[in-house]
Structure formats: structure tokens, C-alpha cells
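If you want the building blocks of each chain, they are given just below.
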Amino acid sequence: MTQTGDLAGWLEAERERLLPERSGEVGDPSVDTEGAADHFALAVRTVEGELTATAEGDVEFAIQSVVKPFLYAVALCDRGEEVRRSIGVEPTGEPFDALVLEQETGRPPNPMVNAGALMAASLVAGSGVEERVARVLEVCSAAAGRDLHVDEQVVAAELEHADRNRALGYLMRGGGTLHCEVEHAVETLARVCSVQVTVADLATMGATLAGWGEVPGTSRRVMEAHAATEVLSVMATCGMYDGSGRWIHRAGMPAKSGVSGALLAVAPGRLGFAAWSPPLDEHGNSTRGMQAGEAFSEAWGLHPFAQVPRDTS
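What counts, and at which threshold
Residues numbered from 1 in each chain as written. Predicted model: local features only at pLDDT ≥ 70, side-chain atom pairs only at ≥ 80, totals over all residues. Heavy atoms only, no water. Buried < 20%, exposed > 50% of the residue type's maximum accessible area, 1.4 Å probe, protein only. Helix = DSSP H or I, 4+ residues; strand = E, 2+ residues; numbered from the N terminus. Pairing = 2+ DSSP bridges. Arc of directions from axis to C-beta. Polar contact = N/O pair within 3.5 Å; in protein donor to acceptor, adjacent residues only side chain to side chain. Salt bridge = Lys/Arg side-chain N within 4 Å of Asp/Glu carboxyl O. Axes fitted to C-alpha atoms, helices over the stretch in contact; angles between N-to-C directions. Contact = heavy atoms within 4.5 Å. Phe/Tyr/Trp six-rings, centres within 6.5 Å; stacked < 30°, edge-to-face > 60°. Core = buried A, V, L, I, M, F, W, Y, C linked by side-chain atoms within 4.5 Å. Parallel < 35°, antiparallel > 145°, perpendicular 65-115°, else oblique. Left-handed = near helix turned anticlockwise from the far one by under 90°. Nonpolar A, V, L, I, M, F, W, Y, C, P; charged D, E, K, R; others polar.

Caption draft 1: Summary view of the pairing of strand β2 (residues 41-46). Counting buried positions along β2 gives 6 out of 6 residues, so the element sits mostly inside the fold. Both faces of β2 are covered, namely the face carrying Ala41, Ala43 and Arg45 and the face carrying Leu42, Val44 and Thr46. Pairing between β2 and strand β8 (residues 271-276): 6 bridges, direction antiparallel. Counterpart to Arg45 in the pairing with β8 is Gly272. The pairing of β2 with strand β3 (residues 51-53) spans 3 bridges and is classified as antiparallel.

Caption draft 2: Main features of helix α6 (residues 152-160). Of the positions making up α6, those classed as buried are Val154, Val155, Ala157 and Glu158. Buried residues of α6 fall within an arc of 165 degrees about the axis and therefore sit on the same side. In α6, the exposed positions angled more than 90 degrees off the buried face are occupied by Gln153 and Glu160. In this structure Asp151 caps α6, since a side-chain oxygen of it lies 2.9 Å from the backbone nitrogen of Gln153.

Caption draft 3: Structural context of the pattern of salt bridges. Evaluated as defined, the whole model comprises 19 salt bridges. Between Glu60 and Arg146 there is a salt bridge, with the nearest N and O atoms lying 3.0 Å from each other. Residue Glu60 is found in the loop between β3 and β4 (61-62), and its partner Arg146 is found in the loop between α5 (129-144) and α6; the two are separated by 86 residues along the sequence. A salt bridge links Glu152 to Arg191, with the shortest nitrogen-to-oxygen separation between them at 2.9 Å. Of this pair, Glu152 sits in helix α6 while Arg191 sits in helix α8 (residues 182-193), and the two are 39 residues apart along the sequence. By relative accessible area, which is 19% here, Arg191 ends up buried. Connected through salt bridges with shared partners, the residues Arg15, Glu16 and Glu56 form a single ionic network.

Caption draft 4: Examining unusual backbone geometry more closely. A positive phi angle is found at Gln64, which is not glycine, with a value near 50 degrees. Of note, Gln64 is situated in the loop between β4 and α2 (68-79). In this model, Tyr241 sits at a positive phi of 55 degrees, which is unusual for a non-glycine residue. Note that Tyr241 resides in the loop between α10 (225-238) and α11 (244-250).

Caption draft 5: Representation of the sheet that holds β3 in the model. Judged by pairing direction, the sheet is antiparallel, and its 5 strands sit side by side in the order β3-β2-β8-β7-β6 without closing on themselves. Every interior strand has two partners, whereas the edge strands, β3 and β6 (255-257), have only one. On average, each strand axis in the sheet is tilted by 10 degrees relative to the strand beside it, whichever way the strands run. Set on the sheet, helix α9 (residues 199-210) makes contact with β2, β3, β7 (262-267) and β8; between it and β8 the angle comes to about 150 degrees. Across the face of the sheet, helix α12 (residues 287-299) comes into contact with β2, β7 and β8 while running at roughly 150 degrees to β8.

Caption draft 6: Region of the structure containing the packing of aromatic side chains. For the coordinates displayed, the defined rule picks out 5 aromatic pairs. For the pair Trp10 and Trp300, a centre-to-centre distance of 6.4 Å together with 80 degrees between the ring planes defines the contact as edge-to-face. One end of the pair, Trp10, is in helix α1 (residues 4-18); the other, Trp300, is in the segment after α12, and 290 residues separate them in sequence. With centroids separated by 4.9 Å and ring planes inclined at 20 degrees, the aromatic side chains of Phe273 and Phe296 adopt a geometry described as stacked. Remark: Phe296 occurs in helix α12 and Phe273 occurs in strand β8; sequence separation between them is 23 residues. Each member of the pair, Phe273 together with Phe296, is buried.

Caption draft 7: Highlighting the nonpolar core. Ranked by size, the top nonpolar core spans 70 residues in total, and within it Ile63, Phe70, Leu71, Val136, Leu202, Met205 and Leu209 carry the most contacts. Tallying contributions element by element places α5 first for this core, with 8 residues. Listed in part, the 23 residues of the second largest apolar core include Leu7, Leu18, Ala251 and Phe273.

Caption draft 8: Broad picture of the packing of α2 against α10. At a closest axis distance of 9 Å, the pairing of α2 and α10 adopts a crossing angle of 140 degrees. What the angle tells us is that α2 and α10 run oblique. You can see that α2 and α10 cross each other, and the crossing is right-handed. Facing α2, whose interface residues are Pro69, Tyr72, Ala73, Leu76 and Cys77, α10 presents Ala227, Glu230, Val231, Val234 and Met235. Looking at the contact of α2 with α10 residue by residue, the classes come out as 9 nonpolar, no polar and 1 charged.

Caption draft 9: Expanded view of the pairing of β8. Taken across its 6 residues, β8 has 6 buried, putting it largely inside the fold. The pairing of β7 with β8 spans 6 bridges and is antiparallel. Each residue of the ladder has a partner; that of Ala262, found in β8, is Trp276. With antiparallel pairing between neighbouring strands as the criterion, β7 and β8 make up a hairpin whose turn holds 3 residues, including Gly269 at a positive phi of roughly 80 degrees.

Okay, structure coming up:
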């Protein structure tokens, strides 16, 4: 990484370059579509703690599915081997809310789709919705470096449109695999998806994953290192839904997107990158966020499979 001033200039220039991009549709039912396409923010946090953000870097929005890596991490820390038995790690090539379970086991294919997130929610330590949500919120707040909160209006919108999640829950419950009542899993997921964040928060949370569970610039650990490794692995293959192949091919970073237009990418050992722009492409990923993330990876040499120039001096 070069000097912070260079990074700040690059992020602002990239924001200005992509602002005229108007493709995609707003997909979050809790988002007012009026003027939504005008919002766009980028942020980067290094593992050393340096934060760089563009205009609108402090605007809050719902974290939505970008919470799934952290929900999975909490479940892994709380229940370990039981989580590995209950949730697969294979990509599906299907939409995020597809009514698909593994044919032989009846378990969700991975924790980045809704079925897997519901299963992870059922495995978080706690005796009910309130305790499970508090546990996830505690970890997310610690990873973001500030206290986060749930937006009740977003929760209401999430629950109103949760019929497919309920269907997935009952499929798993009927198969004897879900670890709590269906409505408890559905509400837990709805509430943690309704946590309000900024791109600065997401970049910090990404840098926490990049530091294998340590909050950037500190020695404070919010998750076990093995959990961060498992999360990053499944983000790399499954985090961008049925657009995961294109993303990992072009950007090479573990990443997760959300219906609010949020995108979080991680360069392990180096930094977290975050984007927010509500219009989504056909796979449910932020149109501008995808373009910015791919350009960032190329500009800053973050693709792990790219050739490293030899030192000929």
C-alpha cells in the first residue's frame, strides 16, 4: 500500500468515475428508491488501523447479507464442530434465497445463502431471539470499533418479506436439522440483517477479518483465528452468490454482498475494502461496488494469483 494520500485520491477519483453509472435496480424493500442511485461511498481500513473513506463514508444503511460472514463466525466460535456438521461449504450457482438443500444430508449448501444463514442463526449461543441477536451484535460492534444498533423499521420490512426464509426454515425443521423454532431463526436473521452500518464500519469489520479476528490497530481479539480463516474461505467461493466465480476471477478477494448495495472485500493480512451503492446487478450484487472492487484489486495489486514482479536490482 502506498501513502494514505494516494489512496484517498484514488478512492475519490473512482467514486467520481462511477457515479454516472446508472445500471442496476434497487432490491432492498426497506430502501426508498427515490434518489437511491445517487448514493455511493467507498472505504478502506488497513490491519494497522488506517482508515480512508470517501464522501458519504459516514452515511448509515442496513448491513443485510454482509452480516452473514460474522453470523457464521459467531456460530463457529460458539458451537464449532456442530456448525461444520450442520452447514456445508459448497457454492450453489443459485440465487441467495433458492429453496435448495444438500440432497443427501438435507443441510444448507453454505452459510452465505439464506438457508445457511438461518442454520447459523439457530446455532448461535442463546436461549431465544434476544440473546442470539445480542451475541451477534456484540461481535459485529467489536469488529466495527463502535456500538451498532438494529433499525426496527428495517426489521419490520424484513419480516414482511420473509416467506421464503420461513419455507427454508420449515424444510430444515421438517428434516430435523434446524436447531431452534423456525420463527426464532427467521427473526434472528431479520434482526441481524437490519443492523445499521457505514462503509467505514464495514471496512473496519473487513480489516478485523483480514487480521484473523483482531480489531485493526489493536491486539483485541473478537473471534478465534480459525473461525476467521473458515469464514474467509467460504466468502471466497460463495460470498457473491451466483456471481462469485466472476468476482474471484477478477478481484481475487474473499467478499460478501448485500441487498442494500453493500459490498465487503478482504485482503487477508492487509486490509478491508467496503462499498455502498444501492442499485444491484442481476446476481444481487452492487453494480458500482463490483466495478470499484475489481478496479481496487487491480490498482493496488491485491489479486492473490497475480504475478508478483521480480526484483532485478
